[in-house]
Amino acid sequence: MVGGTTTEQVIRHIALLLGVALVLGPIWIAFVASTLDPADILSRSVPLVPGGHGVQTYTDVLVKGHARGGAPPLWLMLANSLFVAVAIAVGKIVISLLSAFAIVYFRFPGRMLAFWLIFITLMLPVEVRILPTFEVIAHLGLVNTYWGLTVPLMASATATFLFRQFFLTVPREIADAARLDGARPMAFLWHILLPMSRTSIAALFVILFVYGWNQYLWPLLVTTEPRYYTIVMGIQRMMAVPDSTPTWHTIMATATLALLPPAVVVILMRRTFVRGLVDSEK
Amino acid sequence: MARRSEEPVFPNRLLPYLLLAPQLAITVIFFLWPAAKAVQQSVLREDPFGLKTQFVGLANFHRVLSDPHYLDAAILTVWLSMATIVLALLFGLLLAAAVDGVLKGSGIYETVLLVPYAVAPAIAGVLWFFLMNPSIGTLSGAIKALGYPWNHQIRGGDALALVVAASAWKQIPYNFLFFVAALRSIPKSLIEGAAIDGAGPWSRFIHITLPLISPTTFFLVVVNLIYAIFDTFGTIHATTAGGPGQSTTTLIYKVYNDGFVGLDLGGSSAQSVVLMAVVIVLTLLQFRYVEKKVTY
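Now for a quick tour of the structure. Nothing here was measured: the structure is a model prediction, and the numbers come from that model. The residue numbers shown here count from 1 along each chain, following its written sequence. Chain letters start at A and ligand numbers start at 1, both assigned in the order the entries are written. Local features in this predicted model are restricted to residues whose pLDDT is 70 or higher, and side-chain atom pairs enter the listing and the counts only when it is 80 or higher, whereas totals over whole chains, interfaces and linings include all residues. The basis for every side-chain value is the complete set of heavy atoms in the structure, and neither hydrogens nor water enter the calculation.

1. As for the interface of chain A and chain B
Logical step 1: The criterion used for residue contact is that any of the two residues' heavy atoms lie within 4.5 Å. Taken together, the contacts link 108 residues of chain A with 100 residues of chain B.
Logical step 2: Buried surface area refers to the total accessible area, computed with a probe of radius 1.4 Å, that the two partners give up upon joining, counted for both partners together. Overall, the association of chain A and chain B removes approximately 9700 Å² of surface from exposure, summing both partners, and the carbon and sulfur fraction of that is 77%.
Logical step 3: In terms of surface lost to chain B, no three residues of chain A exceed Leu16(A), Arg107(A) and Arg172(A), which account for 8% of the buried area on that side.
Logical step 4: By salt bridge we mean one thing: a side-chain nitrogen of Lys or Arg within 4 Å of a carboxyl oxygen of Asp or Glu. Scanning the region where chain A abuts chain B turns up two salt bridges.
Logical step 5: The partner of Arg270(A) in a salt bridge is Glu110(B), and the shortest N-O contact between them spans 3.6 Å.
Logical step 6: Nitrogen and oxygen atoms within 3.5 Å of one another constitute a polar contact, given that in protein one can donate a hydrogen and the other can accept it, and given that sequence-neighbouring residues count only through two side-chain atoms. Along the contact surface separating chain A from chain B lie 18 residue pairs in polar contact (both at pLDDT 80 or more).
Logical step 7: Three classes are used: nonpolar for Ala, Val, Leu, Ile, Met, Phe, Trp, Tyr, Cys and Pro, charged for Asp, Glu, Lys and Arg, and polar for all others, with Gly counted as polar. Here the side of chain A that touches chain B is built from residues that sort into 81 nonpolar, 14 polar and 13 charged.

What follows is the structure in structure tokens.
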């Protein structure tokens, strides 16, 4: 058997433990810094064990926020992020499910055109059309609204292709039988296809939740009022306080809180998520 | 599957359009319209107050492409992408190769090594910015102890290294996952056969494993390239803000900065159009890979 010797196993574990240190190190240091007395942070480098100031700092940022940086209380930014992430994930899944259903189970003029229009969205990420997109959003009065934060991100070629791929593997006989039994299309979608797609939907939800939570440029464009800030973009306002040292303990507490929810989701749903990610890209 | 394309399952005429409506409405309003506007504005020049607009043909493109700052940003983007891709792929592959043959605890490793995937690029930037802070950073302290006076607030090279470190760190889990999947799909008999023939672990890795996972590697290079060009915006904007000087101003950061801060509508739009061309090429490359996978 290859790779079974003790020496080799030891080397593998050492490499992996170094990997774990590399991956978790930056997060651990941030967490430790968030628990230190503010005066201690600036006097020496961060120790490896947490300090005793954590409860105070986290209570402060969650309730009061970061007044100097113009950031609202963190509970509000966390709530905004949660809403935005769930809305984007659910919206993308529903919209893509419907489009894939239309493309696979119906024949109609313009079907290929619709398919290509959806494909094109892959080639037009927000980053390459920042200014005109902002103009469109402003024109439609969507700046500083939850609509503006979520709806424009709900189109998804990847999710549509994933569902299309899945529907194509569903035996035609199932659909034919359903129709002969008098099932209407929407009943077929709801009672037969949807239950069959459960695993794909769960996997996509994790991927899209992380995607939505981690949006940065979009909320930056669409919000100017602090009460609409999401936590991932709000942290920038704390970093960019002109002419002063950043208050590192609050920033690191914010960073910790900003990465915790998506990290927990990914860890808890690892198996579903990994299979979904590897499948959806293939 | 061939049969499906011939006849529809359901005969409805109006329903499919209703089903497609939400997706297409969002696509047209928030993707196609802005993209068309970018193309339109790229051939116009508007004065800073938005009072007058005139058609200038390709003048904006000429201005952008002959601007030395643009060239700098392009070169910087290439370096940043290459460094990020190499580091992220290398660490991803190394850890995947390590975990693939481990007898105990692979589940725990695979879970923990996944964590940075969940971290937003901007947050990854903030974490590393703190880690490398010239006066109090843990890592920068270690680097200074080795004799290098690290300071990303003054030295451009250090700032670039900071962005690369944060970006590569965030991307390791993605590459790790795909490499693990690729390594697991290699038949064990191939590796064992080579071992019986006397090939050592290193030679087996170079001559058997690497060629077999090359489709995955190619796919990951394209995905990582797209990531390095576009998703590093958050990392840069939240930390170095393109500086010091222009040392971390990538192409995307420049589109944002010229458009939003510099209010150069025509120039920013021309840059957008150039970038769209880049994305189109990359997307087609990515899909070529998919096509190849299918015909296997």
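There is more to say, and it comes next.
2. Details of the nonpolar core
Logical step 1: Definition of nonpolar core: a set of buried residues of the types Ala, Val, Leu, Ile, Met, Phe, Trp, Tyr and Cys, connected through side-chain atoms within 4.5 Å. To sort residues, take the accessible area from a 1.4 Å probe on protein chains only and compare it with the maximum for the residue type: under 20% means buried, over 50% means exposed, and anything in between is partly exposed. Ile231(A), Trp248(A), Ile123(B), Leu127(B), Trp128(B) and Phe130(B) are the most contacted members of the largest nonpolar core, which totals 100 residues.
Logical step 2: By the criteria applied, helices consist of DSSP H or I runs no shorter than four residues and strands consist of E runs no shorter than two, each listed in order from the N terminus. The element best represented in this core is helix H6 (residues 121-131) of chain B, accounting for nine residues.
Logical step 3: Apart from the residues lying within four places of it in its own chain, the contact partners of Ile231(A) are Leu74(A), Met77(A), Leu78(A), Ser81(A), Trp213(A), Thr254(A), Leu257(A) and Ala258(A).
Logical step 4: Val20(A), Val266(A), Leu277(A) and Leu114(B) belong to the second largest nonpolar core, which has 43 residues in total.

3. A word on empty space enclosed by the protein
Residue and element names in this part refer to chain B.
Logical step 1: Points on a 1 Å grid over protein atoms alone make up a cavity when a 1.4 Å probe fits among them but cannot get out, and a pocket when they form an open set with protein on both sides within 12 Å along at least five of seven lines; lining residues each have an atom within 4 Å of a point. Grid points are joined across faces, edges and corners, and a volume is the space filled by probe spheres set on the points. Taken as a whole and judged by the stated rule, the model has one cavity of 30 Å³ or more.
Logical step 2: By volume, the largest cavity amounts to about 30 Å³.
Logical step 3: If you trace the largest cavity, you find it lined by Gln41, Leu44, Arg45, Glu46, Thr53, Leu265 and Gly266.
Logical step 4: In terms of residue count, the dominant contributor to the lining of the largest cavity is strand E1 (residues 44-46) (three residues).

4. With respect to the side chain of Ser99(A)
Logical step 1: Tracing the sequence through the fold places Ser99(A) in helix H4 (residues 74-105).
Logical step 2: Among the residues examined, Ser99(A) registers a relative accessible area of 0% and is labelled buried.
Logical step 3: Residues contacting Ser99(A), with those up to four places away along its chain left out, are Ile118(A), Thr160(A), Leu19(B), Leu20(B) and Gln23(B).

5. A short note on the pattern of salt bridges
Logical step 1: Summed over the entire model, instances satisfying the criterion amount to 12 salt bridges over all chains.
Logical step 2: Put simply, Arg184(B) and Asp100(B) hold a salt bridge, and the shortest N to O gap is 3.7 Å. Placement of Arg184(B) in helix H8 (residues 156-184) and of Asp100(B) in helix H4 (residues 68-100) is noted, with a sequence separation of 84 residues between them.
Logical step 3: On the accessibility criterion, Arg184(B) (42% relative accessible area) is partly exposed.
Logical step 4: Among the ionic pairs, Arg184(B) bridges to Glu110(B), the shortest N-O distance being 2.9 Å. Highlighted residues: Arg184(B) in helix H8 and Glu110(B) in helix H5 (residues 106-112), separated in sequence by 74 residues.
Logical step 5: Glu110(B) sits in the buried class, given a relative accessible area of 12%.
Logical step 6: A single salt-bridge network, built from bridges that share partners, covers Arg270(A), Asp100(B), Glu110(B) and Arg184(B).

6. Here's the deal with unusual backbone geometry
Logical step 1: With a phi angle near 55°, Asn144(A) is a residue other than glycine that sits in the positive phi range.
Logical step 2: Overall, the relative accessible area of 12% leaves Asn144(A) in the buried class.
Logical step 3: Even without being a glycine, Ala241(B) presents a positive backbone phi close to 50°.
Logical step 4: Here Ala241(B) lies in the loop between helix H11 (214-238) and helix H12 (251-261).

7. So, H4(B)
Logical step 1: Under the convention used throughout, the expected extent of a helix is 1.5 Å for every residue step, that is, one less than its residue count. Compared with an ideal rise of 1.5 Å per residue, which puts 33 residues at 48 Å, H4(B) spans 47 Å between its outermost C-alpha atoms and is within 8% of the ideal.
Logical step 2: Between the side-chain oxygen at the start of H4(B) and the backbone nitrogen of His69(B) there is a gap of 2.9 Å, and the oxygen is on Asp67(B).

8. Focus: the packing of aromatic side chains
Where two aromatic rings form a pair, the distance of their centres and the angle of their planes describe that pair.
Logical step 1: Pairs were defined over the aromatic rings of Phe, Tyr and Trp, the Trp ring being its six-membered one, requiring ring centres within 6.5 Å. Orientation was assigned from the angle between planes: stacked under 30 degrees, edge-to-face over 60, tilted for the rest. Enumeration according to the criterion identifies 34 aromatic pairs over all chains in this entry.
Logical step 2: Note on Phe115(A) and Phe161(A): the rings are 5.4 Å apart at their centroids and 35° apart in plane angle, and the pair reads as tilted. Highlighted residues: Phe115(A) in helix H5 (residues 111-120) and Phe161(A) in helix H8 (residues 157-169), separated in sequence by 46 residues.
Logical step 3: Since its relative accessible area comes to 16%, Phe115(A) is described here as buried.
Logical step 4: By the ring-pair criterion, three or more aromatic residues cluster together here, those being Phe101(A), Tyr105(A), Phe106(A), Phe163(A), Phe166(A), Phe167(A), Phe188(A) and Phe10(B).
Logical step 5: Taking the ring centre of Phe31(B) as reference, the NZ or CZ of Arg129(A) above it sits at 4.5 Å. Criterion for a charge above a ring: Arg CZ or Lys NZ at most 6 Å from the ring centre, at most 35 degrees from the ring normal.

Remember that the coordinates give geometry; whether it matters functionally is a separate question.
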